[in-house]
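Structural description and commentary
Given next are the chains, with one letter for each unit.
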Amino acid sequence: MKKSDIENELTYIDKVKTINDGKNLKYYILTMGCQLNENDSEKICGMAEKMGYTETDDIMDADLVIYNTCCVRENAEEKLFGKLGEVKKQKEAKGTIIAIGGCMMQEKHIVDKIKKSYKYDVIFGTHTLYKFPKDLYDAIIDNRKITDILDIDGEIIEGLPIKRDDNIRASVTIMNGCNNFCTYCIVPYVRGRERSRSPEDILQEISNLAKEGYKEITLLGQNVNSYMRVEREKGEVTSEINSFAKLLRAVNEIDGIEKIRFISPHPKDFTDDVIEAIRDCKNVSKFIHLPLQSGSTNVLKVMNRVYTKEQYLNLVDKMKKMIPNVKFSTDIIVGFPGETEEDFEDTLDVVRKVKFEQIFMFIYSRRKGTPADEMENQIPEDIKHKRFDRLKELYERLVEENNKEYIGKNFELLVEGYSKTNNKFLTGRTDTNKVVIFEAAEDAIGKVVNVKIISEHKWYLKGEILELN
Ligand code: 5AD
Ligand code: SF4
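What you see is a predicted model, and the numbers here were worked out from it, not measured in a lab.

Conventions and cut-offs
- Residues numbered from 1 in each chain as written.
- Chains lettered and ligands numbered in written order.
- Predicted model: local features only at pLDDT ≥ 70, side-chain atom pairs only at ≥ 80, totals over all residues.
- Heavy atoms only, no water.
- Helix = DSSP H or I, 4+ residues; strand = E, 2+ residues; numbered from the N terminus.
- Buried < 20%, exposed > 50% of the residue type's maximum accessible area, 1.4 Å probe, protein only.
- Contact = heavy atoms within 4.5 Å.
- Pairing = 2+ DSSP bridges.
- Axes fitted to C-alpha atoms, helices over the stretch in contact; angles between N-to-C directions.
- Core = buried A, V, L, I, M, F, W, Y, C linked by side-chain atoms within 4.5 Å.
- Near = heavy atom within 4 Å.
- Polar contact = N/O pair within 3.5 Å; in protein donor to acceptor, adjacent residues only side chain to side chain.
- Areas by Shrake-Rupley, 256 points an atom, 1.4 Å probe, with all protein chains shown as cover.
- Nonpolar A, V, L, I, M, F, W, Y, C, P; charged D, E, K, R; others polar.
- Domains from an automatic or database assignment.
- Buried area = accessible area lost by both parts, 1.4 Å probe.
- Salt bridge = Lys/Arg side-chain N within 4 Å of Asp/Glu carboxyl O.
- Arc of directions from axis to C-beta.

Per the secondary structure count, the protein includes 15 helices and 19 strands. The principal-axis extent of the C-alpha atoms belonging to the protein is close to 60 × 60 × 50 Å. Buried residues in the protein amount to 55% of all 469 residues. Sequence separation of 24 or more characterises 72% of the internal contacts of the protein that already satisfy a separation of 6 or more.

The three strands lie next to each other as β7-β10-β11, forming an open sheet whose pairing is parallel. The open sheet is flanked by β7 (169-173) and β11 (259-263), the only strands paired with a single partner. Across this sheet, the average inter-strand angle for adjacent strands is 25 degrees, counted without regard to direction. By the bridge criterion, five bridges tie β7 to strand β10 (residues 216-220) in an arrangement that is parallel. Residue pairing in the sheet places T173 in a bridge with L220 of β10. Each of β10 and β11 is contacted by helix α9 (residues 244-252), which is oriented at about 155 degrees to β11, the strand it contacts most.

Our next topic: the nonpolar core. Membership of the largest hydrophobic core comes to 76 residues, with the highest contact counts inside it found for L219, F262 and F270. When sequence neighbours within four positions are dropped, the list of residues in contact with L219 reads V172, I174, I206, V224, F244, L247, L248, I260, R261, F262 and I263. Grouped together as the second largest cluster of nonpolar side chains are 29 residues, Y12, I13, Y27 and I97 included.

The next point concerns the site of ligand 1. Taken together, V72, R73, Y184, Q293, D331, I333, F362, I363, Y364, S365 and R367 form the complete shell of residues around ligand 1. At 2.6 Å, a side-chain N or O of R73 approaches an oxygen atom of ligand 1. Between ligand 1 and the protein, one listed contact pairs a nitrogen atom with a backbone N or O atom of S365 at 2.8 Å. Within the complex, 85% of the 400 Å² of free accessible area of ligand 1 lies under protein. When residues of the shell around ligand 1 are traced back to their parent elements, those giving at least two are β13 (327-334) and β14 (358-363). A class-by-class count of the residues in the shell around ligand 1 yields six nonpolar, two polar and three charged.

Annotation of the protein at the domain level lists domain 1 (3-148), domain 2 (169-399) and domain 3 (410-468). Computed from C-alpha atoms alone, the centre-to-centre distance between domain 1 and domain 2 is 30 Å. At the interface, 17 residues of domain 1 touch 19 residues of domain 2. Summed over both partners, the interface of domain 1 with domain 2 comes to about 1,600 Å²; 53% of that surface belongs to carbon and sulfur atoms. In terms of surface lost to domain 2, no three residues of domain 1 exceed Q35, L36 and R73, which account for 34% of the buried area on that side. Our enumeration of links across domain 1 and domain 2 arrives at two salt bridges.

Taken as a whole and judged by the stated rule, the model has 38 salt bridges. A salt bridge links E49 to K163; its shortest N-O distance comes to 3.5 Å. Of this pair, E49 sits in helix α2 (residues 35-50) while K163 is found in the loop between β6 (146-148) and β7, placing the two residues 114 residues apart along the sequence. Residue class for E49 comes out partly exposed when judged on its relative accessible area of 30%. Since its relative accessible area comes to 29%, K163 is described here as partly exposed. Here R144 ties to D142 by a salt bridge, and the two come within 3.1 Å at their closest N and O atoms. The class for R144 is partly exposed, based on a relative accessible area of 42%. What makes D142 partly exposed here is its relative accessible area of 39%. Look at the salt bridges and you will find they share partners, linking R169, E216, K259, R261, E416, R429 and D431 into a network.

Turning our attention to helix α4 (residues 108-117). Inspection of α4 places I110, V111 and I114 among the buried residues, and these make up the whole buried set. An end-on view of α4 places all buried positions within 95 degrees of arc, on one side of the element. Of the residues in α4, the exposed ones pointing more than 90 degrees away from the buried face are K108 and K116. Elements that come into contact with the buried residues of α4 comprise α3 (76-94), β4 (97-102), β5 (122-124) and β6.

Close to ligand 2 lie C178, N180, F181, C182, Y184, C185, V187, P188, Q222, H266 and R305, which account for all nearby residues. Class assignment of the residues belonging to the shell around ligand 2 gives a composition of seven nonpolar, three polar and one charged.

In structure tokens form, the structure reads like this:
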């Protein structure tokens, strides 16, 4: 898309602002999905604020209500329809504008249902985020409902305003879409094919963030470690930074950024150059998210994950050898169609062997339009739940076991602020995402401190501050 076309779309920000001027309007946003969805919300908020709205946490106070939807797992539909039902009265009473965006809007059957049975003003999708101001303008001026969905893959639009949620950590989208088509997953259908942002745009954004004082960057995408692969294969890459490994090395050079994380990678794309980059780059976190999904080779095959149990375990071993002190988190789905007791035992086996620091556990949920939804050997709900509970039990034991290894050791932490549960303590996280609380003066916030762990409390650790770095 031409830069001038995008600029033209964004002129609608000023047009809406002119209509809104002097009215003291407020917006409320509910973000329902993953970190990419959150990053999109930051852009939606950026646009809303430039259009003259200020954010409110109280939906009743809002003149504009925005739902940024997700459709990856269960109950997402019911949740949205529940919300739309609730907000209806408010709309009738005071003309609140309702805008619905995000992944779920890329599903035709959902949009049809909203159009038929619910009140709304604007529906926009993942490929039309940048058109939100124009859509809103049209909805206000013409007093009509706007549905603005594109099925073709939109490129990642540069230059949208952004209102960041945090002033120390920031997320930066590096690629969008997915070409993997894991058979349970809706993402490739709603986010489209893989496409990468240019390294120049990414590095510029991160340098600007560093100048603004941000210390930690999370590189985002559905398959981050295949960054630029499609473009490379098509011979479209002009920059020297033509792979994820090279991007990590380049981000590592940016002054002021002290921690670099990335989410989510795919095990199949952990090539040696990526592992070496993680090892060599001082600022790249050694806590790696390595989605397992299932520990059974049979299930992995039907999931189309393109690795076996052994290949996954070998990769973990290799990374442990190459990267000192590397630790892992993972995603696991239980109850995928056809999963036998033996298959599930394989998953538990991998969990025991890898000793993940963190596990995001999901019960398999049928997604319309995905191959797994068509499979006949669906697992009954009670079995899925029982397996989920067994995995959870194992995980909780593992957390306690892993926690013990922290006691008596020193960790560098970025101080995030006061603990939400006890404001006597400040809080930060270890590289492995363990919450640590400790007493320190308020001016430590935003700084890196050295903390010795003195006790473990399952979901958090308690520490003693040694020094400000
Ligand atoms: N059911 C359950 N979990 C799912 N995930 C993706 N699709 C589904 C589904 N249909 C999980 C995967 C993925 C994470 C983001 O969500 O574990 O890694
Ligand atoms: Fe979904 Fe698989 Fe792509 Fe991840 S890699 S977004 S699970 S299709």
